[in-house]
Structure formats: structure tokens, C-alpha cells
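Structural description and commentary
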Amino acid sequence: MKKLFLLLTLPILACSVFTPSSTATPSTRAATSTPAPAEIAVPVEDPFHVQPNQQGKYSHYPPSSGVHYGQYLNWGIYTDEVPPEFWVHSLEHGGIVILYNCAKADDCTKTKQALKNFYNAAPPDPTFKKVKLLITPNSKITYHVTALAWGYELNLSDVNDDALLSFYQKYVNKGPELVP
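Criteria and thresholds
Residues numbered from 1 in each chain as written. Predicted model: local features only at pLDDT ≥ 70, side-chain atom pairs only at ≥ 80, totals over all residues. Heavy atoms only, no water. Helix = DSSP H or I, 4+ residues; strand = E, 2+ residues; numbered from the N terminus. Pairing = 2+ DSSP bridges. Contact = heavy atoms within 4.5 Å. Axes fitted to C-alpha atoms, helices over the stretch in contact; angles between N-to-C directions. Buried < 20%, exposed > 50% of the residue type's maximum accessible area, 1.4 Å probe, protein only. Lys, Arg positive; Asp, Glu negative; His and termini not counted. Salt bridge = Lys/Arg side-chain N within 4 Å of Asp/Glu carboxyl O. Disulfide = S-S within 2.5 Å. Core = buried A, V, L, I, M, F, W, Y, C linked by side-chain atoms within 4.5 Å. Phe/Tyr/Trp six-rings, centres within 6.5 Å; stacked < 30°, edge-to-face > 60°.

Moving on, we come to unusual backbone geometry. In this structure, the amide linkage connecting Y61 to the following residue, P62, adopts the cis form with an omega of 0°. Summarising the element assignment, P62 is placed in the loop between β2 (49-50) and β3 (68-69). Residue N53 is not a glycine yet carries a positive backbone phi of 70°. One can find N53 in the loop between β2 and β3.

This is the structure:
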């Protein structure tokens, strides 16, 4: 009986000796990294005008095309949430919209400052010599930062200057209306 007990317990002891500890030091674990930026093409919706204060209906959120107000906002950084009906019009004019969700952030002050720095360093578009960026908070997006162009979306877990600059340069002035 004693031999049988040893035969049954030795494999269990051997397994526990060779199983990696869950308290391994960080240097022995696989490095965790920020997920790669995820750019997706979004089906383009019809760009009809709606009346001010009327809400647009979109097949995809955040919308990168579709119904919008007839007036548009100046390029810049907004502290209050801008309704999509305004920024979809900005996208139609070939601008880039950057949304950020502070509910997903550890430190929104850092995010706001990083986006302000990005805006201030962004190059003017080659046609109109303007920085065609509209930056606004948005409580409905699922990523911390989402950049939009007409028919395209870039999702980021944090402000990534290189990814944002690449997206901006790739899509600025690519909306259906070439307007400053």
C-alpha cells in the first residue's frame, strides 16, 4: 500500500516542481505591449443634410460618413462633445476627426495634452495649407482614441503620434468635397 501511495504521489510532486510559478519575475514573462493600431474601412453612407438639432441615423458608430448638418465647425480642439452631425460634415470636407473617451483613460489630462501637442505639431494639408483636424471628446466610442476620415477609422488604445500622423497624411483631403 505504501508503494502504491508513492507511485501515485510522485507524478503529482514532479508536476508541481516543473510547473512555472505564477509569481515569475517580469523579466521571465513575455513582454506585454500596446496592441497595434487597428485601421478599418467603413462602408460609406449617403451624405445627405439634416436640419439643425435633427439626429442622424448611422449604420456604424462612430460614423465616418453619412447624414450631417449643412453647416460645419472650424478646425480645432473642442472641450465639449461635438455631435457627429457636425464632424461628419468635416470628414466630407476631407478633414480628420480624432475622438477620445476619457472614461477609458487612466489620466485624461495626459490624453488631452498629448492630443493638443499632436494638433500643434500637425503639418498643414498640402492643398489649403490648413491643419484639417477636429478633436473632440466622445463618451460612446469603445477605444480610448479613434481617428476618422471619410470611410475609414483608426482605433487606438492611447494617443500614438506616429499612427495618427500617418492616418492624417494618408487621408487628409480625401473626402468627397475638396473644401478648406
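This part covers the sheet that holds strand β1 (residues 38-41). Spatially, β1-β8-β7-β5-β6-β4 is the arrangement adopted by the 6 strands of the open sheet, whose pairing is mixed. Lying at the two open borders of the sheet, with one neighbouring strand each, are β1 and β4 (76-77). Relative to strand β6 (residues 133-137), β4 runs parallel, the two being bridged by 2 bridges. Across the sheet, I77 pairs through a bridge with I135, a residue of β6. Packed onto the sheet, helix α2 (residues 84-92) meets β5 (96-100), β6 and β7 (145-149) and runs at close to 145° relative to β5. The sheet strands contacting helix α3 (residues 108-121) are β4, β5 and β6, and the helix crosses β5 at an angle near 165°.

Another point: the side chain of K132. As for its placement among the helices and strands, K132 is situated in the loop between α3 and β6. Nearest to the buried, unbridged K132 among oppositely charged side chains is D125, at 5.3 Å. In contact with K132, not counting residues within four places along its chain, are W75, H93, G94, G95, I96, D125, Y168, V172, N173, V179 and P180.

This paragraph deals with the state of the cysteines. Here the structure, examined in full by the defined rule, presents 1 disulfide. A sulfur-sulfur distance of 1.7 Å marks the disulfide that ties C102 to C108. Residue class for C102 comes out partly exposed when judged on its relative accessible area of 29%.

Ranked by size, the top nonpolar core spans 39 residues in total, and within it W87, I98, L133 and L164 carry the most contacts. Where this core is concerned, the elements lending two or more residues are α2, β5, α3, β6, β7, β8 (152-156) and α4 (161-171). For L164, the contacting residues outside a window of four places in its chain are I98, L115, F118, A147, L154, L156 and V159.

Within the structure shown, the criterion is met by 3 aromatic pairs. Look at Y69 and F86: their rings are 4.8 Å apart centre to centre, the planes differ by 75°, and that puts the pair in the edge-to-face class. Taken together, the residues span a long stretch of sequence, with Y69 in strand β3 and F86 in helix α2 at a distance of 17 residues. Of the two residues examined, Y69 and F86, each falls in the buried class. Consider the rings of Y152 and Y171, whose centres lie 4.3 Å apart with planes at 25°: the pair is stacked.

In short, the description is geometric, and any link to function would need to be established separately.
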